[in-house]
Every structure is written in structure tokens, then in C-alpha cells.
Amino acid sequence: EMTREQREFYRERIKEKLQARDAVMVAHYYTDPEIQALAEESGGCVADSLEMARFGKEHPASTLIVAGVRFMGETAKILSPEKRVFMPTLEATCSLDIGCPEDEFAAFREQHPDRTVVVYANTSAAVKARADWVVTSSIAVELIEYLDQRGEKILWAPDQHLGAYVRDKTGADVLCWDGACIVHEEFKARGVEDLKAAHPGAAVLVHPESPASVVAIADVVGSTSQLIKAATEMPNDTFIVATDKGIFYKMQQLAPEKTFIEAPTAGSGATCRSCAHCPWMAMNGLENTLAVLQDENGCGQEIFVDPDLARRAMVPLDRMLDFGK
Ligand code: CIZ
Ligand code: SF4
């Protein structure tokens, strides 16, 4: 554990180095609060994966520091091939990405040549390159609705809960891969119901990577940005939130008078694998961020995407960016 003085030292050094290297920091809502604060204070942004990708592409800096998980760094590099893209650590990955390896996905898709292939942003560049569309949770329902109206049948990967949610919302023919997010799949409907009973005025906010039983008792189901918007706009003074607790930083900042409570997970303490906080998002820290900025080659934590692969992954990514406008 660092002292306050040490933290302040790191924060100041990181800000100096960002300037000196013409770099900007782009952080996800699930990173630790001090990383989000640092990104904001240094002129970068805190956002969901779609907004992170857009911000990185449009920002004039020549170097991006992506504080999030691997697929976010890859997407940033694909959209901004002329920029250098570093991450505090390339070890920050995602259970959805890990659970959807390119070769198995390719075989699955070959078994269903009649289906339009829609993959979630939480996948490797190699999987994206095999998709017709990339999608984030903020536009998933709208996109599937649009494709369904055109009479298309969908092959969806990798998150089974988000896939089931969009199928349920749209009535589209959606065939799902069986991946899951280790953070969201741990939320328990029973625990949320008990909490709701204890806080009758509270609204329940749920990310659709959560199990259907939790989604079913939500007042609002949405992506990170949509849940933040609900937290600020709804009249309730208390919210039970089923998503990574990193999001509380932004919710509390925008609605300081309101109370946000973590939705209960299956285990607690030692028996809980994730405890509502993504272990990979948590790898983004002050020390590795400064180390990467201090070394010309970013301690080897630079994202490279093969240009041919990037060109192929760009096609479905571009469709997503156009659709999401
Ligand atoms: O769960 C994630 O990793 C999310 C919500 C990513 C995103 O789209 O911002
Ligand atoms: Fe992946 Fe879940 Fe972590 Fe998001 S929170 S990066 S979906 S494991």
C-alpha cells in the first residue's frame, strides 16, 4: 500500500510524462477510481469501450495510454494505426475474450453460413476480423432490431447473457456462443431482492452481461453509460447497482447526494472470485502506468496489430461506429 504522499508523487509524475510524450490517457469506467481521476485531470477521458475508441481516434495526441483491458487497446490501435498505443499492462484481459478463441469461433461460424455474425467488442482483433458487425452493449438491442427487420438471422458471440437479453428484447433469431463475464455472472437475484426489500425506494440498475434472473428484476437494464445516465436522471435517492463497482466513481461524481449500493454476488470475501470488480481492470495502477511512460518502449506493453488483420477487423468496427452515430 502506498502512502498519500507516494500516490501524489506518482500522479504528478504521470501527468508530466503524458505531456512530455504527447500522450493522452483513456480509461474505462471499471478501472480503479484513482486511474479514472487521473485520466480526467490530465485531459483524457473516462468512458465505455465505444466512447474510448472514438475519443482515442479523434484526439490529436500521437500516443494513447489505454487503461482498460486488452481488447480496448487493440481496438484503439486498429482505429488509430498511426498512433502508438500502450497499456499499463498487456496482461489485462477479459473472460469473454479468453472464452472465444479464434479457431473455435471460426469453426462455429462455418457451421452457420446463413447467419449474420455479430460479435461483442469484448473479443480479440482476430475474432472481430471474422465478423460482419462489432457491437457494444450500448447499441446491441438497436442493432439486432435493425438486422431482424431486414430478415437476417444472427450468430452472436461471445456473451450468452447479453445475447439472451437482446434475443428476448427483439424477438430476433439469435444463436449464442456460451461465454460469460466473470464479474457480472456472479450477481444473484435473491440477494438483490433482499436488498430491495431493505431499501424500498431504491432503483435496481443492471448491466445485461448479468444472468437473466437479475435482469428480470431490474428497473433499468443498460450499458455502463446508460446506467450512469439513469443514476443521474432518475428521481430515486438510492440505487442498487449490478455492474463493476468501478462505475461508482462516475455515479458519485455526477450525483453526489445519492447513495449507490453494490448488488450482492454469489460469494463474499475469500469465496468470491471477482466481488463486483474485474481483476483485469484492477491491474491498471499508478506504478505500471508511470513505468510504461518512463520507458521509450513502454516496458514492452505496446499494442501491435498486424496491418492485414487490422484492415479486416476495421470493416465491422466501422459499421459499428457508423451505426452508433
Ligand atoms: O463489461 C465490460 O467490459 C464493458 C461494459 C465494456 C464496455 O462496453 O464498456
Ligand atoms: Fe471482461 Fe467482465 Fe472484465 Fe468487462 S468486467 S473486461 S466483460 S471480465
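Residues numbered from 1 in each chain as written. Chains lettered and ligands numbered in written order. Predicted model: local features only at pLDDT ≥ 70, side-chain atom pairs only at ≥ 80, totals over all residues.

The protein chain carries the name Quinolinate synthase in an unreviewed UniProt entry, which gives Alcanivorax xiamenensis as its organism. On record in UniProt, under Pathway (unreviewed entry), the comment for the protein chain is "Cofactor biosynthesis; NAD(+) biosynthesis; quinolinate from iminoaspartate: step 1/1." Recorded in UniProt under Sequence similarities (unreviewed entry), the annotation for the protein chain is "Belongs to the quinolinate synthase family. Type 1 subfamily." (UniProt positions renumbered as here; feature names shortened; annotations may be inferred.)

1. Let's talk about the site of ligand 2
In the vicinity of ligand 2 there are 14 residues, among which Val69, Cys94, Cys181, Val183 and Cys278 approach most closely. For the shell around ligand 2, a count of residues per class yields ten nonpolar, two polar and two charged. (Near = placed C-beta within 6 Å. Nonpolar A, V, L, I, M, F, W, Y, C, P; charged D, E, K, R; others polar.)

2. Side note on helix α3 (residues 49-58)
Within the span of α3, buried status applies to Ser49, Leu50, Met52, Ala53 and Gly56. Summarising the axial view, the buried residues of α3 lie within an arc of 165°, below the 170-degree limit, and thus occupy one face. For α3, the elements touching its buried residues are β1 (23-28), β2 (45-47), β3 (63-67) and α4 (70-79). (Buried ≥ 20, exposed ≤ 12 C-beta atoms within 10 Å, placed from the backbone. Helix = DSSP H or I, 4+ residues; strand = E, 2+ residues; numbered from the N terminus. Arc of directions from axis to C-beta. Contact = placed C-beta atoms within 7 Å.)

3. Looking at the site of ligand 1
Around ligand 1 sit Asp48, Ser49, Ala121, Asn122, Thr136, Ser137, Cys181, Glu209, Ser223 and Thr224, and that is every residue in its neighbourhood. Here the residues of the shell around ligand 1 are counted per class, giving two nonpolar, six polar and two charged.

4. Here we look at the sheet that holds strand β7 (residues 154-157)
In space, the four strands of this open sheet follow the order β6-β5-β7-β8, with parallel pairing throughout. Among the strands making up the open sheet, the edge pair consists of β6 (133-135) and β8 (174-176). Sheet twist, expressed as the average angle between the axes of neighbouring strands with direction ignored, equals 30°. As judged from the three bridges shared by strand β5 (residues 116-120) and β6, these two strands associate in the parallel manner. Within the sheet, the bridge partner assigned to Val118 lies in β6 and is Trp133. Its contacts with the sheet put helix α8 (residues 140-149) on β5, β6, β7 and β8, and the angle it makes with β6 is roughly 150°. (Pairing = 2+ DSSP bridges. Axes fitted to C-alpha atoms, helices over the stretch in contact; angles between N-to-C directions.)

5. Some remarks on the sheet that holds β3
The strands making up a sheet associate through hydrogen bonds between their backbones, and the pairing can be parallel or antiparallel. Reading across the sheet, the four strands line up as β2-β1-β3-β4 and stay open at both edges, with parallel pairing between neighbours. This sheet does not close on itself; its edge strands, each paired only once, are β2 and β4 (84-86). Neighbour-to-neighbour, the strand axes of the sheet open up by a mean angle of 25°, direction not taken into account. Sheet topology note: the β3/β4 ladder contains three bridges and is parallel.

6. Topic: the UniProt feature "binding site: iminosuccinate" (unreviewed entry) in the protein chain
UniProt tags His28, Ser49, Tyr120, Ala121, Asn122, Ser137, His207, Pro208, Glu209 and Thr224 as "binding site: iminosuccinate" (unreviewed entry). Mapped onto the elements, His28 comes out in strand β1. With residues up to four places along the chain from it excluded, the contact list for His28 reads Ser49, Met52, Ala67, Gly68, Met72 and Met281. Within the secondary structure layout, Asn122 lies in the loop between β5 and α7 (125-128). A residue is classified by how many C-beta atoms lie within 10 Å of it, and Asn122, with 29 of them, is buried. Those residues in contact with Asn122, other than ones at most four positions away along the chain, are Phe71, Cys94, Leu96 and Asp97.

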